[in-house]
Structure formats: C-alpha cells, structure tokens
Amino acid sequence: MSLFLIAALPFLGAVFPALLIRAGRNASASAAGLTTFLAFVGLLLHAPTVFSGEVVTARFDWLPGLGLNANFFLDGLGFLFATLILGIGLLIILYARFYLSREDPMGQFYTYLLLFQGAMVGIVLSDNILLLLIFWELTSLSSFLLIGYWKHLPEGRQGARMALTVTGSGGLAMIGGMLILGNIAGSYDLSVILENKEAIQASPLYLPALILILLGCFTKSAQFPFHFWLPHAMAAPTPVSAYLHSATMVKAGLFLMARMWPVLAGTPEWFYIVATTGLVTMALGAIIALFKDDLKGLLAFSTVSHLGLITMLLGFGTKLAAVIAVFHIINHATFKAALFMSAGIVDHEAHTRDIKRLGGLRHLMPVTFTIALVAALSMAGIPPFNGFLSKEMMLEETVHTVWAGSHYFVPGLALVAALFSAAYSFRFIVHVFFGPKRDDYPSTPHDPGVGMWLAPAFLITLVILIGLFSAKIAGPLVAVAAGAVIGGGELPYYSLKLWHGFTPALYMSIVAVTGGALLLAAHGPVMRAWNAAPRPEAKAIFDALMEALARLAKGITDGLHNGAITRYGAIMVAFTVALGWYAYSTGDTGPATRAVMAIDPIPALGWLSLVLATVLIVLRHHNRLLALILIGVVGLVVSMSFNYLSAPDLALTQLSVEVVTIVLMLLALNFMPKETPIETPALTRLRDGAIAVVAGLGSGGLIYALMTRDFAAPTISEFHLANSYKGGGGTNVVNVILVDFRGFDTFGEIIVLGIAALVIYALTEAVLGTRVRAYLLNRKPDLPQAGDAHPMMMVVATRVMMPLALMVAAYIFFRGHNLPGGGFIAGLVAAIAVIMQYMASGFSWTSERQRFYYHGIIGSGVLIAAATGIGAWFNDMPFLTSAFGYIHWPPLKEFEWATAALFDLGVFLAVVGAVLLALESLSRFAWQPGTSSEYAMDINPARDDEPKNENEV
Amino acid sequence: MEFLVASAVGLLTAAGVYLILRKRTFPVILGLSLVSYAVNVFLFATGRLMVNAPPILNKYEEVAYTDPLPQALVLTAIVISFGMTAVVVMIALGAFLSARDDRIDMLEDGETAKTGEDA
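Residues numbered from 1 in each chain as written. Chains lettered and ligands numbered in written order. Predicted model: local features only at pLDDT ≥ 70, side-chain atom pairs only at ≥ 80, totals over all residues. Heavy atoms only, no water.

1. Digging into the pattern of salt bridges
- Under the defined criterion, the tally for this structure stands at 20 salt bridges over all chains.
- Here Asp101(B) ties to Arg24(B) by a salt bridge, and the two come within 3.7 Å at their closest N and O atoms. With Asp101(B) in the segment after helix H3 (68-99) and Arg24(B) in the loop between helix H1 (2-20) and helix H2 (25-45), this residue pair connects regions lying 77 residues apart in the sequence.
- Classification of Arg24(B) as buried rests on a relative accessible area of 13%.
- With its nearest N and O atoms 2.7 Å apart, the salt bridge here joins Arg103(B) to Asp101(B).
- The buried category is assigned to Asp101(B), whose relative accessible area is 17%.
- Through salt bridges that share partners, Arg624(A), Glu679(A), Arg24(B), Asp101(B), Asp102(B) and Arg103(B) make up one connected network. (Salt bridge = Lys/Arg side-chain N within 4 Å of Asp/Glu carboxyl O. Helix = DSSP H or I, 4+ residues; strand = E, 2+ residues; numbered from the N terminus. Buried < 20%, exposed > 50% of the residue type's maximum accessible area, 1.4 Å probe, protein only.)

Set out below in structure tokens:
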C-alpha cells in the first residue's frame with residue numbers, strides 16, 4: 001500500500017464514525033477500527049522491505065522551486081512508530097467502545113481519534129520537514145479536541161487549553177528551528193538534511209536551531225520545565241490518556257529527537273541540554289508520581305519520568321544509548337498503555353480513581369489485578385518483564401556517563417529515579433489491589449466484560465513475551481529502528497537478555513527495588529512531609545502567566561484600537577510615513593538621470609484647476625454638494641492628464657467611472673445631511689493637517705524622484721510590447737495585457753467587482769429589512785423638489801441617446817483589441833446608457849423594462865470569462881491561453897478574431913452588471929408608493945386619455 | 001511636467017488624508033476618492049511620463065511607446081476603486097439611515113468613542 005494512502009487513510013476514514021454513529025455505536029467503532037486496521041495492514045505489508053534495511057518512499061512534487069513537496073518515507077524508525085500508533089490505536093478503539101458511556105458522543109470521539117492518528121502517522125512518515133511541521137501542528141490541534149472531549153468538565157477544557165498553549169508554542173519555536181535547519185542544509189527534505197551533519201554542526205546557527213527544535217520536542221514530550229501540561233491533560237477520557245500518553249503524542253517529541261539524532265546529536269551542547277533535561281525530568285517525575293493520589297495523576301507523572309529517561313538516553317549521544325532508547329520506547333508503550341487502561345477499568349467500575357478510597361480490589365477484580373500487576377512490575381523494573389531489560393541497560397549506560405567531570409551525578413540521579421519509580425509502581429499495586437476489602441467504594445467493583453480487558457491483556461502478553469524472549473520478538477525491530485536512528489553504520493554490540501551477570505546495573509536495580517519497597521512501607525510519614533513542604537504549583541504559575549499575557553495583549557490592542565477609525569487612519573498614515581522616512585534615510589538615491597519634460601500651457605492650466613479644486617474641497621468640504629462637484633473637476637483633470645500622457649485607455653476609463661461615481665454619491669447624498677458641521681477643535685485639525693502635509697510631501701517627493709530617474713533594471717514591458725501582436729494578436733498593448741498576458745488578474749478583478757456589487761445588494765436588502773424602511777417610506781425630502789420630476793426634454797433626449805450610447809459601447813468594445821477601448825470601458829459606457837434612463841424616466845419605469853437581472857449579468861460575465869479560459873484546456877494549453885486568427889469575408893476588410901474578445905465580453909458583462917446592480921440598489925432606497933406611474937412613460941405622447949391630476953404630468 | 005504630476009499627487013494625497021481623518025462619513029468617502037486618484041496617478045507615473053507615445057502598436061513605422069504595464073494595472077485599479085467606493089458609500093448610507101447619525105466614531109450604543117479629544 002502506498003505511503004500516501006497509509007497517511008491519508010485515517011483522515012479519509014475520520015468521516016465515517018461521525019456519520020455512522022446514526023447506525024449505532026458498534027457501527028461507528030467498527031468504521032474507526034476498520035480504517036485503522038486497513039492502514040495497519042498496509043504498513044505491515046512493507047515490513048519485509050523495511051526489515052531488509054531498505055527505505056520505502058513515496059514522492060510527490062508540488063512546488064519544487066520552493067522545496068515544497070509531499071514526500072513520505074518509511075525506514076526502521078518510522079516503521080516502529082507507525083506500528084505503535086496504528087497497533088495501539090486499534091486496541092484503544094476496541095477499549096473505548098466499551099469505556100465510553102451512552103451519554104458520550106462516540107462518533108465525535110472516533111473522528112477526533114482518527115484525525116489525531118492520521119496526524120501522528122503523518123509525522124513519522126514525512127520526509128519533508130515542512131510537511132512534518134504541518135502534521136506536528138495537527139497533532140496539537142486534534143489532541144486539543146481529544147483532551148477537551150468532555151466539554152462539560154472545566155478541568156477538561158482547561159487541560160486541553162493548557163496542552164494546546166504549551167505544545168502549540170513549542171511548535172511555533174520548532175517551525176523557526178526547522179526553517180533554519182533547512183536553510184543550512186539547503187533542502188527541506190529530511191533525507192538530505194540527515195546527510196549534512198558536518199555542515200549543520202559547523203554552522204553558527206546550529207545552537208539556535210537546536211534550541212528551537214528542542215523547545216518543540218520538550219514541550220511535546222512534557223520535559224521539565226514544560227512537564228506540567230501532561231498531568232492536567234489527564235482530565236481526558238482514559239482511552240485518550242492511554243493513547244496520547246503512552247504511545248503517541250508525547251512520543252512525538254522523542255521521535256523527532258531520534259529522527260534528528262544523526263545530525264544534531266554528538267555535540268556537547270546536545271549532551272548538556274538534552275541529557276540534563278531528561279535526567280532532571282526523570283527524577284522529578286518519579287518523585288512527584290509517588291505522592292499523587294489520583295491513579296491517572298500517578299501514571300501521568302510516571303510517564304513524564306519515563307519520557308525523561310528516553311530523552312536522557314538520546315541525549316547521551318552514544319550509539320548504544322540510542323539503541324536502549326528505542327528499546328525502552330517499545331517497552332514503555334506496552335506497559336504504560338496497559339496501566340492506563342487498567343486504571344480506566346478501576347475508575348469505570350469503582351467510580352473513583354482516588355488511591356485513598358481504593359484498596360483490596362484483588363479479590364473483586366482478579367483479571368484487572370493480574371493485568372495491572374504484570375504491567376506495574378514491568379514499570380518497576382522487575383524481571384522477567386520487559387521494563388526490567390531496558391531499565392537495566394539504561395542504568396548500565398549511566399554508569400559510563402561523565403557529566404561535567406562528575407562520575408556520580410548521572411548514575412546517582414538515575415538511581416533516585418529508579419528507586420522512586422519502583423516505589424510508585426508498588427504503590428499502584430499495593431494501595432489499590434492489596435489490603436482489606438472495603439465497604440465504602442462509590443460503586444461495587446467487579447471485573448468488566450471481555451471487551452474492556454482484552455486490549456490491556458494483549459499488551460501484557462507482549463510485556464511478558466518481550467521480557468522472556470526479547471532477542472527473538474523485539475530484537476529485529478529494535479535493530480532496524482535503532483539502525484535508522486544512528487543513521488547508518490554498524491550497530492554497537494548489545495544483547496537483549498535478562499541475565500547480564502553481576503554488573504553495576506544489577507546492584508543498582510537491587511538497591512532501587514529494595515529502596516522502593518522500603519519507601520512504600522514508610523509512605524504515610526513521607527507523604528505527610530511532602531504535603532507539608534512548600535512547592536510551586538505549576539498551574540497557578542501558568543494561569544498567572546497567561547493572564548499577564550492577556551492583559552498585555554489587551555493593553556496594546558486597546559491602545560491602538562479604541563473603536564475610532566480616525567485613530568486607525570492616523571496611526572496607519574504616521575506609520576507609513578515613518579517607514580518611508582526610514583527607507584529614505586538609510587538608503588541612497590542616485591542622481592536624476594532623466595531630462596524633465598517642458599511644461600505646456602494647457603497642462604499647466606489643468607494642473608491649476610486641479611490644485612484649485614483640491615484646495616477648495618479641503619476648505620469647503622462642509623458643503624457636501626459643492627465638494628462633490630469639485631471632486632468631479634479633479635476627476636476630469638486626472639482623465640485629461642491620462643490622455644495627454646499617452647494613456648488613452650486610462651482616460652476613457654477614468655472619464656466613464658467618474659460619471660458613475662458622481663451619480664452614485666449624489667444618490668447617497670440624497671438621504672444624508674447636506675452639510676458637515678465643524679466640530680473638531682482647531683488643534684486637532686492642525687494635527688491632522690500636519691499628518692496630511694507630511695504624507696503628501698512624502699508621496700509627491702517619492703514619485704518625483706522616481707520620475708526623474710530611469711528604470712533601475714530592464715522592465716518586463718518590453719516583452720509585452722514585443723509580443724502583443726505576435727502572441728496576443730492585438731495592437732492595443734494595454735488591452736492585450738488585460739485580456740491575455742495578465743488575464744488571470746483580470747478574471748480575479750471582475751470577480752471582486754461582482755462581489756462588491758453583491759455586497760451592496762445584500763446590504764440594501766439588510767438595511768431595508770429593518771425599521772429603516774418605515775422611515776424611508778415616510779421621509780419628506782429635505783431639499784425643495786423640482787416641479788417636474790421627469791422633464792420631457794430629458795426623457796426624450798435620453799431615449800434617443802440610448803441606442804447611440806449602446807452603439808458607442810459596442811464600437812469601443814470591438815475595437816478594444818487594437819485601439820483604445822475594450823470590455824471595461826465599453827461596460828461602463830453601456831451602464832451609463834442605462835443609468836441615463838433611470839435618471840430621466842425614473843426608477844420604476846426603467847425597472848419595469850428590465851429583462852435580465854443584474855445578478856445574472858454579473859454571473860454570466862464571470863462564467864463566460866471562465867469558460868473562455870477553460871476552453872484552452874481542450875487544446876492542452878494552460879488556463880486562459882488565448883488563440884486568434886484572421887477572417888476575411890468579402891466585401892469586409894480582413895478582421896481579426898481572438899478568443900480574448902470572448903473573455904473581454906465576460907469582462908464587459910461583469911462590469912455592466914456590477915455597476916448597475918450597485919446603482920440600482922442605492923436607488924431602491926428612494927422608492928416610495930406613488931412614485932411609479934401606471935403608464936409606460938410619465939410623459940406619454942401617445943396617451944389619449946386626460947391626466948388624472950395635475951401632478952402626474 | 002514631472003513636477004506638475006508629482007505636486008498633484010502630493011496635494012491629492014495630503015487633501016485625501018486630511019479628509020480621511022474627519023469625523024463624518026461623507027468627508028471620509030471624499031478623502032478616499034482623492035487618495036484613490038493620487039494612488040492611481042502615482043502608479044501610472046511609475047511607468048515614467050511620455051507625450052504622444054500611446055502603447056498602440058504602429059504597423060507602419062518604428063515609434064517609441066510608453067510603458068503599457070502600469071496603464072493596465074491602473075485601468076483595473078480605477079474600476080476596482082469604483083467598486084470599493086460604492087461599497088463604502090453603501091455602508092455609510094446604511095449606517096446613517098439605521099442610526100440617524102453619520103459620525104464615524106460611534107459605539108454600538110450610540111455613544112461617541114473616546115478619542116482623547118472630543119468629537
């Protein structure tokens with residue numbers, strides 16, 4: 001099965017449990033199980049290849065130029081983790097089916113679980129580190145959903161939030177580290193990065209990259225001082241805890257450290273950061289675990305401790321330590337998942353997980369007792385179980401490790417950890433299962449059905465078998481996975497067996513087990529001393545930190561965003577000016593290289609009127625109508641200057657847009673106050689004026705500097721000029737750029753325009769649906785109205801002009817490809833032709849004659865443009881490739897026909913529709929009963945009956 | 001000529017920014033229009049100024065052409081800024097009709113936001 005499919009299966013399958021829950025809980029669980037099983041089988045099919053030492057790959061290039069691809073590979077390490085994830089996932093799915101109660105939404109649970117499983121499989125199979133990062137973040141997100149699964153419990157929500165905050169911020173740090181790493185190696189492919197050990201370790205950025213990546217690993221794997229989230233995540237249902245905290249989520253950090261081991265390990269920095277963190281975490285976790293009364297709390301801290309153990313082994317940087325780390329990953333996953341499940345069974349049956357309220361369960365729950373006993377003894381490091389093997393090897397390795405010149409620091413702390421580890425493992429058994437039977441259990445405990453104990457029973461079978469026949473059962477897997485960790489080369493000598501002779505490790509084990517038993521015997525007084533001792537509460541610190549952060553963020557946001565747009569505007573302009581000033585004062589400007597053009601009198605006149613109009617707008621903007629007329633003057637001058645400066649297309653566009661804009665603003669002004677009161681104090685106006693003048697000087701100065709210098713580099717315009725006719729079949733280069741070279745941009749733009757018009761329509765609908773409608777219907781005009789709303793001269797003139805205007809639009813449209821014109825301008829002209837009818841003959845008269853809805857016109861425009869673009873696919877060309885040819889129909893002159901013209905038709909329709917929809921929406925505000933006439937025209941020359949009243953004429 | 005264009009851009013920007021900082025919707029819309037003009041002319045001018053050299057290919061003789069690319073960009077920018085203006089006008093109108101007030105610094109309960117100085 002392709003690696004793509006293995007990684008994708010959990011995601012694809014995630015839909016089914018949520019859907020099939022309607023068919024019952026069994027259907028939902030089976031769907032989840034089947035998905036996982038398929039992926040698991042697919043993985044196992046690769047086993048022979050992997051065990052023969054080969055690497056399975058699946059490659060998919062997406063954007064090779066940016067190093068973006070979806071490459072997967074499966075080596076020994078990936079195989080080990082994928083087996084754990086999918087195998088234990090399968091057991092968890094079985095267990096959860098019987099663990100979750102009727103009230104729990106099981107479909108959701110399995111969907112979340114599969115999403116999480118897919119993200120984990122993605123992490124361990126990714127070859128590309130960017131892809132890996134995405135899966136990494138996905139595990140944070142999906143574990144958030146899983147931990148907070150019991151939404152009604154505040155602890156669940158808080159625990160989920162804490163886990164997301166800690167692992168998410170670690171993930172952010174890791175993104176930085178990975179990008180640095182990819183930069184040093186010159187590739188984002190793990191297979192390439194892993195070959196560049198020398199380059200990476202020699203780089204000055206090695207340490208920052210290492211720290212950032214380790215931050216990600218440590219937060220994920222709950223290493224000190226980020227260990228605190230894991231116990232709080234225990235608020236999750238037990239299947240989640242068993243899955244996330246034995247085999248998957250927290251092991252992701254370990255996986256990454258193992259994965260990066262060949263390139264990152266072996267330096268003093270690596271040793272001191274990783275090994276020390278692991279050592280401290282191992283000891284601290286073990287000590288705290290002994291004093292937890294909550295069964296899952298105990299297991300949580302023991303998980304922290306064991307993760308520390310593995311981290312420490314990876315941190316040692318020796319090949320042998322890496323082998324032991326891999327071995328312990330397997331062992332820990334088996335016994336810890338079984339322990340979590342048995343804790344869940346106890347909780348499920350006795351309705352409490354408080355050790356103080358338990359005891360004497362061995363007679364009531366013999367099966368659970370057996371499972372818990374074997375798993376706990378393995379965790380304590382008692383032979384012949386698998387925990388003993390790896391713990392023994394670990395202790396042996398610590399004896400040979402020198403930490404900052406000290407031979408005793410590492411083994412000493414490791415011994416402490418082992419001792420406490422034995423103690424809490426014994427406590428798990430003794431205080432829960434031994435002792436007298438009690439009569440105050442919240443619920444009478446008994447063994448659960450086979451569905452619940454089958455999964456942990458299977459796991460403890462593995463615990464025993466690996467313990468007894470380690471070399472046969474786990475040996476090949478350890479060898480192939482460890483081989484992948486140490487990155488080629490010979491594996492060091494090691495032997496997976498119970499009896500190594502009288503080694504220092506054996507003595508340490510004996511001390512640890514004896515000491516652990518003694519410690520448990522003295523548990524009462526020790527516990528009292530522990531509870532009396534002051535110690536920092538991680539959750540309180542975390543909460544205080546979060547609150548401080550939130551206050552800081554709120555302070556900044558409130559300072560910048562107080563709800564006043566003027567302030568945003570001022571901040572934005574001031575910031576832009578500051579940026580410009582920074583660029584100006586730090587960069588250098590070359591001398592002016594272009595000759596300045598002479599000033600002709602007519603442009604000077606235009607400039608003068610523009611300046612006058614603008615100054616007048618600023619001074620007299622309180623009179624809104626006047627300001628609008630002056631804006632029209634500015635627009636006209638701008639159009640004329642476009643025309644003068646060799647941009648006829650722009651001049652035409654600006655001119656027609658100008659008409660539409662002014663009509664639009666007039667329509668709006670109809671309902672708004674006609675005056676702006678002077679209400680800002682002089683000082684504020686002075687300040688705003690100062691900001692404005694600086695902004696104006698900046699932009700004016702910048703464009704002047706730009707215009708008096710030549711292009712710094714050759715422009716791409718030469719290409720457009722050279723290929724416009726040859727490649728696009730048109731001589732109007734601007735139009736060819738719009739409909740051909742940059743057709744995709746134009747396509748996007750007509751869509752945006754259409755959306756803008758639809759937004760206006762929707763807003764109109766929304767506003768008119770409120771009490772505003774009543775206000776509008778009863779509104780009295782605030783200006784004197786003309787006696788004749790639709791003057792006959794104007795009506796007749798516009799009707800005569802309508803066909804003329806449309807013909808002009810058609811003319812402009814057709815000549816667009818070769819001469820100034822095109823879809824945009826033609827669309828605006830056609831829209832204006834219709835607007836004239838609205839203005840002269842009234843809204844009602846025009847709407848009655850409207851055959852096509854403007855929405856449809858916009859839509860058809862976009863669709864025609866899209867269809868033209870898609871047409872290119874049928875000729876095996878990329879989207880929007882245009883074709884053209886020449887047609888000669890006598891007696892017509894030969895003319896050119898390009899598919900670009902069809903595209904331009906789409907542009908034309910979209911523009912017509914958008915402009916008219918916008919204006920029509922605005923005019924609907926003006927509708928009042930009685931404004932429409934029952935006759936075709938207000939002034940109907942053909943009407944033979946008498947007018948009903950004077951007003952109507 | 002360059003000076004005329006540059007000074008016009010500067011003036012339009014300054015006037016636009018000043019109006020955008022006013023406290024009623026209508027002047028802000030006017031300001032946005034002025035800034036749109038300034039930006040469009042600015043973009044257009046990055047292609048450098050030329051007279052009598054429109055980018056319409058001449059089949060019969062070799063002539064100079066001005067830079068067509070900024071023109072194409074500005075052409076769509078003009079149309080899009082119309083769309084933007086229309087939406088803003090609509091929002092302003094809707095807000096005025098709903099609240100019967102066209103101040104822009106209003107909070108939901110009709111109070112004026114605290115801006116440090118009184119509106």
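2. Some details on the interface of chain A and chain B
- Counting from both sides, the interface comprises 113 residues of chain A and, opposite them, 86 residues of chain B.
- Summing both sides of the interface, chain A and chain B together bury roughly 9000 Å²; the carbon and sulfur share of this comes to 77%.
- Considering only the surface of chain A that becomes buried against chain B, Thr566(A), Ser646(A) and Met707(A) emerge as the three largest contributors, covering 7% of it.
- Between Asp688(A) and Arg22(B) there is a salt bridge whose closest N-O contact spans 2.3 Å.
- Where chain A touches chain B, the interface holds 23 residue pairs in polar contact (both at pLDDT 80 or more).
- Considering every element that reaches the side of chain A that touches chain B, the biggest residue donor is helix H32 (residues 682-707) of chain A, with 17 residues. (Contact = heavy atoms within 4.5 Å. Buried area = accessible area lost by both parts, 1.4 Å probe. Polar contact = N/O pair within 3.5 Å; in protein donor to acceptor, adjacent residues only side chain to side chain.)

3. Quick look at unusual backbone geometry
- Following Phe224(A), the chain continues into Pro225(A) via a peptide bond in cis, with omega recorded as 5°.
- Along the chain, the position of Pro225(A) falls in the loop between helix H11 (206-220) and helix H12 (229-232).
- Between Pro383(A) and Pro384(A) the backbone carries a cis peptide bond, its omega angle lying at 5°.
- Mapped onto the fold, Pro384(A) is located in the loop between helix H19 (366-380) and helix H20 (386-399).
- Look at Arg48(B): it is not a glycine, yet its phi comes out positive at around 65°.
- Its location among the elements puts Arg48(B) in the loop between H2 and H3.
- The exposure class assigned to Arg48(B) is buried, which follows from its relative accessible area of 7%.
- Residues other than glycine seldom take positive phi values, yet Asn52(B) does so here, at roughly 55°.
- Along the chain, the position of Asn52(B) falls in the loop between H2 and H3.
- For Asn52(B), a relative accessible area of 71% gives the class exposed.

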